[in-house]
Each structure stands twice: as structure tokens, then as C-alpha cells.
Amino acid sequence: PMNLTVESNITVNLSLVVLDPTQVVTFPDDDLEAAIRNSVYKYSGDLTIADVCNPDFDFLWTGEGDIADLSGLEYCRHLKELYVLGNDIDGDDLETISTNYRLLELQLDKNNIEDIDYLASLHDLELLILGPAFIAQYANTNALDDDDDLEPIAHLPYLMLLSLTDLDLHEDAL
């Protein structure tokens with residue numbers, strides 16, 4: 001890290017990460033790897049940083065399935081749209097994408113998301129779709145009016161659409 005003093009009492013830490021384009025990237029989840037291979041049109045051989053950290057690879061749709069681990073997506077630095085609906089993702093899996101700062105659209109409905117803390121760093125996020133597992137925990141505990149429920153994303157300046165899909169809640173419940 002490099003230190004830069006802006007004013008006498010403010011210090012900003014900057015770091016530069018240089019990625020080796022030949023470095024092999026592994027995806028522990030076979031279904032996620034298959035979706036990535038389809039998106040980057042590389043059906044065999046090792047996936048490398050050059051394959052996944054590529055400005056042309058800015059969209060990933062996995063389809064519904066059994067994806068339970070998002071590890072490896074942290075190397076997909078140019079993703080702007082990520083659709084991982086209908087899988088087995090939980091809140092802890094979101095740590096992996098918490099540094100994908102270019103993400104504009106994130107669809108996570110029909111997963112097991114109950115904690116969205118890791119989404120707070122996705123500053124440019126414009127669209128976020130969560131599903132029933134996220135909101136059900138609050139409906140069951142009558143905590144929907146608790147300001148902390150959506151606190152991690154409450155300060156995202158560009159968030160234009162927050163969808164809590166597949167719910168049977170009435171407007172007054174929110």
C-alpha cells in the first residue's frame with residue numbers, strides 16, 4: 001500500500017494490484033465454472049486471468065441450478081451484470097463479489113440470501129433483486145420496520161431498483 005497525505009489529518013491508503021494474465025483461476029463450483037466457460041467461449045483448458053478479467057466479459061447469467069459457491073468471481077473484475085438466480089447462494093457467499101466494484105445489476109432471487117452486508121461496498125449498483133429467503137426472516141420475526149434490515153444497501157447512491165421478488169406480503173407489511 002502507498003500512503004498519500006491529502007491534509008495533515010487525513011491519510012488515504014492506496015494499493016495497486018497487478019494481476020498476472022497467465023495465472024490460472026479455479027472455480028470450486030463446477031456449475032459456476034460451466035456458466036463462465038460458456039460466457040467466455042472457452043470450453044476446455046485452464047481458465048486464466050486473461051479469460052475472466054477481460055472487458056468483454058461483463059455479463060454472467062448462470063441460470064437456475066445448484067451453484068453454492070461463488071469463489072473465483074472476484075477475478076471477474078469487469079462484470080457489470082451478474083444473474084445467479086435460483087441457486088444455493090447464501091449471504092456469506094456474497095463476500096466473494098464484494099470487490100466487484102463495476103457491478104451495476106445483481107439478481108439473487110430464489111437463493112438463500114439472508115444477509116446482505118457484503119453488498120454495501122458495491123457503490124455503483126443500480127439494480128438489486130433479492131428473493132423470499134431474504135425477506136422471510138424479517139416477516140417471521142416482525143422486524144420489517146427495523147431500519148437495520150436494509151442498512152447495508154441504504155447508502156448506495158445509484159440504486160434505482162430494489163426488488164424483493166416472489167413475496168406474498170401486502171404493502172403495509174413493508
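These figures come from a predicted structure and were not determined experimentally.

The rules behind the values
Residues numbered from 1 in each chain as written. Predicted model: local features only at pLDDT ≥ 70, side-chain atom pairs only at ≥ 80, totals over all residues. Heavy atoms only, no water. Helix = DSSP H or I, 4+ residues; strand = E, 2+ residues; numbered from the N terminus. Buried < 20%, exposed > 50% of the residue type's maximum accessible area, 1.4 Å probe, protein only. Contact = heavy atoms within 4.5 Å. Areas by Shrake-Rupley, 256 points an atom, 1.4 Å probe, with all protein chains shown as cover. Phe/Tyr/Trp six-rings, centres within 6.5 Å; stacked < 30°, edge-to-face > 60°. Salt bridge = Lys/Arg side-chain N within 4 Å of Asp/Glu carboxyl O. Pairing = 2+ DSSP bridges. 1 Å grid on protein atoms, 1.4 Å probe; cavity = no way out; pocket = protein on both sides within 12 Å on 5 of 7 lines; lining within 4 Å. Points joined across faces, edges and corners; volume = space filled by probe spheres on them. Nonpolar A, V, L, I, M, F, W, Y, C, P; charged D, E, K, R; others polar. pLDDT = per-residue confidence, 0-100.

On to the overall build of the protein. Across its full length, the protein carries three helices and seven strands. Along the protein, helices (α) and strands (β) appear in the sequence β-β-α-α-β-β-β-β-α-β when read from the amino end. For the protein, the proportion of its 174 residues judged to be buried stands at 37%. Taking all contacts inside the protein whose residues are at least 6 apart in sequence as the whole, residues at least 24 apart take part in 47%. Of the roughly 10100 Å² of accessible surface on the protein, a fraction of 48% belongs to carbon and sulfur atoms.

On to the packing of aromatic side chains. In the structure shown here, the tally under the stated rule is one aromatic pair. Their ring planes at 50° and their centres at 5.5 Å tell us that Phe 59 and Tyr 83 sit as a pair that is tilted. Residue Phe 59 is located in strand E3 (residues 59-61), and its partner Tyr 83 is located in strand E4 (residues 81-83); the two are separated by 24 residues in the primary sequence. Relative accessible area serves as the criterion here: at 39%, Phe 59 is assigned to the partly exposed category.

Once that is clear, we can look at the pattern of salt bridges. Under the counting rule described, the total for this entry stands at three salt bridges. The residue Asp 51 makes a salt bridge to Lys 42 at a minimum N-O spacing of 2.9 Å. The class of Lys 42 is partly exposed, set by a relative accessible area of 23%.

The next point concerns the environment of Val 40. Mapping Val 40 onto the fold places it in helix H1 (residues 30-40). As a C-alpha pair, Val 40 and Leu 60 span 20 residues in sequence and 9.4 Å in three-dimensional space. Discounting chain neighbours no more than four positions away, the residues touching Val 40 are Leu 47, Asp 51 and Phe 57.

Side chains Leu 127 and Ile 129 project from strand E6 (residues 127-130) onto one buried face, and the interleaved Leu 128 and Leu 130 project onto a second face that is buried too. In this sheet, E6 lies alongside strand E5 (residues 105-107) in parallel orientation, the contact comprising three bridges. When the sheet's bridge partners are listed, Leu 106 is paired in E6 with Leu 128.

The next subject is the layout of surface pockets. Computed from the structure, the largest pocket encloses a volume of approximately 260 Å³. Forming the boundary of the largest pocket are Val 17, Leu 19, Cys 53, Glu 74, Tyr 75, Arg 77, His 78, Thr 99, Asn 100, Tyr 101 and Arg 102. Split by residue class, the lining of the largest pocket holds five nonpolar, three polar and three charged.

Predicted confidence across the protein gives a mean pLDDT of 82, with 74% of residues reaching 70 or more. The low-confidence segment residues 141-148 (pLDDT under 50) makes nine contacts with residues lying over four places distant or belonging to another chain.

So, on to unusual backbone geometry. Most peptide bonds take the trans form, and the phi angle of most residues other than glycine is negative. Positive phi outside glycine occurs at Tyr 41, with the angle close to 55°. Its identity is not glycine, yet Lys 110 carries a phi of approximately 60°, on the positive side. Locating Lys 110 in the fold gives a position in the loop between E5 and E6.

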